[in-house]
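# Coordinates in review
Here is how the chains run, residue by residue.
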Amino acid sequence: MSRVVIIGAGMAAATTAVSLRDGGFDGQVTLIGAEPVLPYERPPLSKEFLRGEEAEPRWVRPPDWYRDNAVEVRLGTRAERLMAAERVVELEGGERVPFDQAVVATGVRNRRLPIPGVDLPGVLDLRAVPDAEAIRAAVVGASKAVIVGMGFIGAEVAASLRQRGLDVTVVEFFATPLERVLGPELGRAIEALHRDHGVEMIFRDAAERFEGDGRFEALLTKEGRRIEGDVAVVGVGVEPMVEAAGQDVPIDNGILVDATLRTGVEGVWAIGDVARHDHPVFGSVRVEHFDNAMRMGETVARNLLGADEIHDDPHWFWSDQYDEQVQMSGFATAWDQTVIRGSVEDRSFAAFLLQEGRLLSTFGMNWRYDVRRSMPLISAAAHPDPALLADPDVDLRDLQPSGEART
Amino acid sequence: MSQWVKVGSAGEVGEGEILSFGAGERQVAIANVEGDLHGFDDWCSHQQCSLAEGDLDGTIVECPCHGSQFDVTSGEAVQGPATDPVDVFEVREQDGELQVLLTQE
């Protein structure tokens, strides 16, 4: 194995390069990134960077690192397709880059609303640095923002724009913010937070048309509302950028990889947001978390160096909205019991999501330790006693994987 | 104005160990490096993670989340992704108590 080509230049891709060098790999490493800038951390784009508190992106590694570590970085270069039989990646323009091992880390793109007016100036979305810069520029002198969708991106953008002094109205299809992730009960806690900060929220409605004379002026909704604003930001989910993986790699809502992050094609791996991996506890999942992208980069580098390691990280992510800190670990799409430790009303709590007694996921708001301390229980598919989970005096680290208190 | 605040008992933090204590509005991690106690903010300056639950190697604590490293004697970030330092606190053991010096602003 003398040449590793990494398609993508985000968190997962850059971490792969870093971990390969840290692991002693002395072959060629090439990063091919469609964006024209070095790898950076995306989370601040909806927070500190959007609010103008940080002028520069947070680089994953300083620019010198790539040169000092002989990592070739080809920026502003789109990989057209991976040709498995020929062992080459074809770039736009036709150049072919040979590889011995290829790692696909192309990430996701924002879903676009297929409705009239979506191309109007002033209708924006957020994924990359230029998007965040465009929103920053658009809100200068603006007084009102309309946000479509209230998942994490919509909620964080709403918070940041409120903090910049704009009036904010959000239109969300579900009955609460983040309902698909958190369920309605916890979603209402997020709703209350935003309401207290003056965000106007309209639920069970959806965007039908953006209007404006050469520039965004109003959003018309399916329920017949007309919401005026100076700028609109759309956050309605993402889709994996699978195209560069080529014809031979199995794809189904992401590039399918096994527990060691291998695709079905020898010498081709996939990681990060684009990869739907076979998780030993959660089954086949694709997530869009900073932390998971980083850890997959570490795992794939170790496996490229021969470790044959299973990626069994229990997943963890955070969100900052106003001065509130939110975290979540694990993975749950359905649960039949929610156990609260702390106080939802006081916005200081952990919520444990269980299905048939098994801990799947933990959500926390301004509750520092238990989201992470529950991760070994999630990894062990533990069935902890709800009374112990609810008791703040019980240290989760003292619970056995069976969920019993340690004696 | 500064004030010593009791957070625990003398001898509670063993050598090579880090424990986390509530101290007023703050959560302070206290590390024992070869018998010397060092207090610092128990929250990584990068993202939402407890440094007390990380590993201590000499005077360097490594965040369990993203691997940022801080010198517990100064709070300085010595390895990224964190770039900002964490606050540090004076710690002493007196009259059988573990105490942290808090400054009110």
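Given the structure is predicted, the values throughout are model-derived calculations rather than measurements.

Definitions and limits used
- Residues numbered from 1 in each chain as written.
- Chains lettered and ligands numbered in written order.
- Predicted model: local features only at pLDDT ≥ 70, side-chain atom pairs only at ≥ 80, totals over all residues.
- Helix = DSSP H or I, 4+ residues; strand = E, 2+ residues; numbered from the N terminus.
- Rg over C-alpha atoms; globule rule 2.2 N^0.38 Å.
- Buried ≥ 20, exposed ≤ 12 C-beta atoms within 10 Å, placed from the backbone.
- Contact = placed C-beta atoms within 7 Å.
- Core = buried A, V, L, I, M, F, W, Y, C linked by C-beta atoms within 7 Å.
- Pairing = 2+ DSSP bridges.
- Axes fitted to C-alpha atoms, helices over the stretch in contact; angles between N-to-C directions.
- Nonpolar A, V, L, I, M, F, W, Y, C, P; charged D, E, K, R; others polar.
- Expected span 1.5 Å × (residues − 1).
- Bend = angle between axes of the 7 residues up to and from the residue.
- Left-handed = near helix turned anticlockwise from the far one by under 90°.
- Right-handed = clockwise from strand over helix to strand, strands pointing away.

## A few points about the overall build of chain A
Along chain A, the regular secondary structure elements total 9 helices and 26 strands. Against the globule reference of 22 Å for 407 residues, chain A gives a C-alpha radius of gyration of 22 Å, in line with a compact fold. Across the 407 residues of chain A, 45% fall into the buried class. Here the contacts in chain A between residues at least 6 apart in sequence split such that 60% fall between residues at least 24 apart.

## Some words on the overall build of chain B
Counting its secondary structure elements, chain B contains 0 helices and 11 strands. Each helix and strand of chain B, placed in order from N terminus to C terminus, yields the pattern β-β-β-β-β-β-β-β-β-β-β. Its C-alpha atoms give chain B a radius of gyration of 13 Å, near enough to 13 Å, the size a compact globule of 105 residues would have. Over its C-alpha atoms, taken along the principal directions, chain B stretches across nearly 40 × 30 × 20 Å. The 105 residues of chain B split such that 39% are buried. Partitioning the contacts of chain B with sequence separation of at least 6, the portion at a separation of at least 24 is 42%.

## Things to note about the nonpolar core
All names here are of chain A. Counting residues in each nonpolar core, the largest one holds 62 residues, and the members touching the most others are Ile147, Ala158, Ala232 and Val233. Broken down by element, this core gets its largest block of residues, 7 residues, from helix α4 (residues 152-163). Setting aside anything within four residues of it in sequence, one finds Ile147 in contact with Gly154, Val157, Ala158, Val168, Val170, Val233 and Gly235. By size, the runner-up hydrophobic cluster in this structure holds 50 residues, among which are Ile6, Ala17, Val97 and Val104.

## Topic: the sheet that holds strand β7 (residues 69-71) of chain B
All names here are of chain B. A sheet is described by the order of its strands in space; here 4 strands give the open sequence β5-β6-β7-β8, paired in antiparallel fashion. Of all the strands in the sheet, just β5 (55-57) and β8 (77-79) have a single pairing partner and so form its edges. The mean inter-strand angle of the sheet, taken between neighbouring strand axes irrespective of direction, is 30 degrees. Two strands pair when backbone bridges link them, and β5 and strand β6 (residues 60-62) are joined in this way by 3 bridges, in the antiparallel orientation. Paired with Leu56 across the bridge in β6 is Val61.

## With respect to the interface of chain A and chain B
Where interface size is quoted, it is often the accessible area lost as the parts come together. Chain A puts 8 residues into the contact, and the matching count from chain B is 7 residues. Split into classes, the residues belonging to the side of chain A that touches chain B amount to 3 nonpolar, 2 polar and 3 charged.

## Quick look at the environment of Asn292 of chain A
All names here are of chain A. Position of Asn292 among the secondary structure elements: in helix α6 (residues 290-304). You can call Asn292 buried: it has 26 C-beta atoms within 10 Å. Between the C-alpha atom of Asn292 and that of Phe317, which follows or precedes it by 25 residues, the distance is 8.2 Å. When residues no more than four places from it in sequence are discounted, the contact partners of Asn292 are Val287, Asp313 and His315.

## Focus on the environment of Arg164 of chain A
All names here are of chain A. Structurally, Arg164 is set in the loop between α4 and β11 (167-172). A C-alpha to C-alpha distance of 25 Å links Arg164 and Leu220, two positions 56 residues apart in sequence. Ignoring any residue separated from it by four or fewer positions in sequence, one finds Arg164 in contact with Arg51 and Val139.

## Let's talk about helix α5 (residues 179-196) of chain A
Residue and element names in this part refer to chain A. Taking 1.5 Å per residue as the helical rise, α5 with its 18 residues ought to reach 26 Å, whereas the 19 Å between its terminal C-alpha atoms falls clearly short. Of all the bends in α5, the greatest measures close to 90 degrees and is centred on Glu185. Those residues of α5 that sit buried are Glu179, Leu182, Leu186, Gly187, Ala189, Ile190, Glu191 and His194. Those residues of α5 hidden inside the fold are in contact with α4, β12 (200-203), β25 (348-355) and β26 (358-365). Backbone geometry just after α5 places Gly198 at a positive phi near 85 degrees.

## Describing the sheet that holds β12 of chain A
Strand-to-strand pairing in sheets goes through backbone hydrogen bonds, with the strands running parallel or antiparallel. Residue and element names in this part refer to chain A. The 5 strands lie next to each other as β9-β16-β10-β11-β12, forming an open sheet whose pairing is parallel. Only two strands of the sheet have a single partner each, and these edge strands are β9 (123-125) and β12. Averaged over all neighbouring strand pairs, the angle between strand axes comes to 20 degrees, with direction disregarded. Sheet analysis places strand β10 (residues 144-148) next to strand β16 (residues 231-234), joined by 4 bridges and oriented parallel. Along β16, the bridge assignment pairs Val148 with Val234.

## A look at the packing of helix α1 (residues 11-22) of chain A against α6 of chain A
All names here are of chain A. Running from N to C, α1 and α6 point in directions that differ by 35 degrees, and their axes come no closer than 7 Å. Relative to α6, α1 is oriented so that their crossing is right-handed. Taking contact as the criterion, the partners of Met11, Ala12, Thr15, Thr16, Ser19 and Leu20 in α1 are, on α6, Phe290, Ala293, Met294, Met296, Gly297, Glu298, Val300, Ala301 and Leu304. Of the residues in the contact of α1 with α6, the class split is 10 nonpolar, 4 polar and 1 charged.

## Focus on the pairing of β10 of chain A
Residues and elements named next belong to chain A. β10 sits mainly inside the fold: 4 of its 5 residues count as buried. Two strands pair when backbone bridges link them, and β10 and β11 are joined in this way by 5 bridges, in the parallel orientation. Within the sheet, the bridge partner assigned to Val146 lies in β11 and is Thr169. Handedness of the β-α-β unit built from β10, α4 and β11 comes out right-handed.

## A few points about α1 of chain A
Residue and element names in this part refer to chain A. The terminal C-alpha atoms of α1 lie 16 Å apart, and with 12 residues this matches the ideal 16 Å at 1.5 Å per residue to within 8%. The buried count for α1 comes to 10 of 12 residues, which makes it a mostly enclosed element. Taken as a whole, α1 has its buried residues at Met11, Ala12, Ala13, Ala14, Thr15, Thr16, Ala17, Val18, Ser19 and Leu20. Considering only its buried residues, α1 is in contact with β1 (3-7), β2 (28-32), β3 (71-74), β7 (101-104) and α6. Positive phi shows up at Gly24, right after α1, with a value of about 90 degrees.

## Some remarks on unusual backbone geometry
Trans is the common state for peptide bonds, and a negative phi is the common state for residues other than glycine. Phi at Tyr322 of chain A takes a positive value of approximately 55 degrees, unusual for a residue other than glycine. Note on placement: Tyr322 of chain A falls in the loop between β22 (316-321) and β23 (324-330). Using a count of 15 C-beta atoms within 10 Å as the deciding quantity, one classes Tyr322 of chain A as partly exposed. Residues other than glycine seldom take positive phi values, yet Glu34 of chain B does so here, at roughly 50 degrees. With respect to the helices and strands, Glu34 of chain B occurs in the loop between β3 (26-33) and β4 (36-41).

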